[in-house]
Amino acid sequence: MTPVLSARSLTFTYGTATALRGVSVDVEPGELLAITGASGSGKSTLLLCLAGILRPQTGDVVFSGTRLGDLAEAQRSKLRRGPFGVLFQFGQLVPELTAEENVALPLLLSRTSRREAFAAAHDLLGRFGVAEVAGKRPGQVSGGQQQRIALARAMVTSPRVLFADEPTGALDSLTSEAVLSEIVRIARDDETAVVLVTHDATVAAYADREVVMRDGQLDPPTETMRTDGAA
């Protein structure tokens, strides 16, 4: 199977601190890949490079035959309003907008009609079990609801790759399980590749494959099976 996303020999430094040291990794269509490691190991930097948010100093990230390094910032941003979805630990919802407006936002920025954008937002809020808070702002809903809204926003463009950086780090165990189950369902039902960064072995157990970062490099990958509760 041809990878949907490939990275080769990535290096990245913050000043004099090296975060990535020649990292190479492939992501298959519909695969849930967990990137794990201790704090400061480089796992979040790797995700940001894969998503085109950071540009590595050397090496290539290739998505469907396109080298992200050849794209201007505006073109890479456009990827994140289309084939790339991004979900962060704290959701990063726009506080002034309602849940429905937050979810519709990527489509509106891509000049989709308001009718289509809000219809898609309504459908996804229902899919993720938060339709009842569609008219509420982030500060009026729980943390778990906020993260489901953020997940709906990340999926509203039907991305081919979902990047999730510690998506359950701010949630309790029960809510974490619910959000992770939704992410697994996305990978299975939509054949969306998922790149999941986590320091939590329980979260990593939901993945099809786990790679471990240590000191800016990948250790040999460790295969893992999903737990029964993740189906």
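Keep in mind it's a predicted model, so treat the numbers as computed, not measured.

1. Some remarks on the packing of aromatic side chains
Within a pair of aromatic rings, the relevant descriptors are the distance that separates the centres and the angle that separates the planes. For the structure shown, the criterion picks out three aromatic pairs. With a centroid separation of 4.8 Å and 70° between ring planes, the pair formed by Phe-63 and Phe-84 is classed as edge-to-face. Pair noted here: Phe-63 is in strand β4 (residues 58-63) and Phe-84 is in strand β6 (residues 84-87), with a separation of 21 residues, a long-range link. For the residue pair Phe-63 and Phe-84, the accessibility class agrees, reading buried in each case. Here Phe-84 and Phe-163 contribute two aromatic rings whose centre-to-centre distance is 5.1 Å and whose plane-to-plane angle is 75°, an arrangement assigned as edge-to-face. Of this pair, Phe-84 sits in strand β6 while Phe-163 sits in strand β7 (residues 161-165), and the two are 79 residues apart along the sequence. Classification of Phe-84 by relative accessible area gives buried; the value is 0%. Phe-163 gets classed as buried once you look at its relative accessible area, which sits at 0%.

2. Considerations on the layout of surface pockets
Of the voids in this model, the largest pocket is the one considered here, and its volume is about 430 Å³. Lining of the largest pocket is provided by 19 residues; of these, Arg-80, Arg-81, Val-86, Pro-106 and Arg-153 occupy positions nearest its centre. Of all the elements in the fold, those that place two or more residues in the lining of the largest pocket are β6, α3 (99-109) and α5 (143-155). Looking at the lining of the largest pocket element by element, the count peaks at four residues for β6.

3. With respect to helix α4 (residues 114-127)
With 14 residues, α4 extends 20 Å from end C-alpha to end C-alpha; this agrees with the ideal 20 Å at 1.5 Å per step. Burial in α4 covers these residues: Ala-117, Phe-118, Ala-121, Leu-124 and Leu-125. Considered in projection along α4, the buried side chains sweep an arc of 125° and stay on one side of the axis. In α4, the exposed positions angled more than 90 degrees off the buried face are occupied by Arg-115, Glu-116 and Asp-123. In this structure, the buried residues of α4 make contact with α3 and α5. Backbone geometry just after α4 places Gly-129 at a positive phi near 75°.

Cut-offs and rules
- Residues numbered from 1 in each chain as written.
- Predicted model: local features only at pLDDT ≥ 70, side-chain atom pairs only at ≥ 80, totals over all residues.
- Heavy atoms only, no water.
- Phe/Tyr/Trp six-rings, centres within 6.5 Å; stacked < 30°, edge-to-face > 60°.
- Helix = DSSP H or I, 4+ residues; strand = E, 2+ residues; numbered from the N terminus.
- Buried < 20%, exposed > 50% of the residue type's maximum accessible area, 1.4 Å probe, protein only.
- 1 Å grid on protein atoms, 1.4 Å probe; cavity = no way out; pocket = protein on both sides within 12 Å on 5 of 7 lines; lining within 4 Å.
- Points joined across faces, edges and corners; volume = space filled by probe spheres on them.
- Expected span 1.5 Å × (residues − 1).
- Arc of directions from axis to C-beta.
- Contact = heavy atoms within 4.5 Å.

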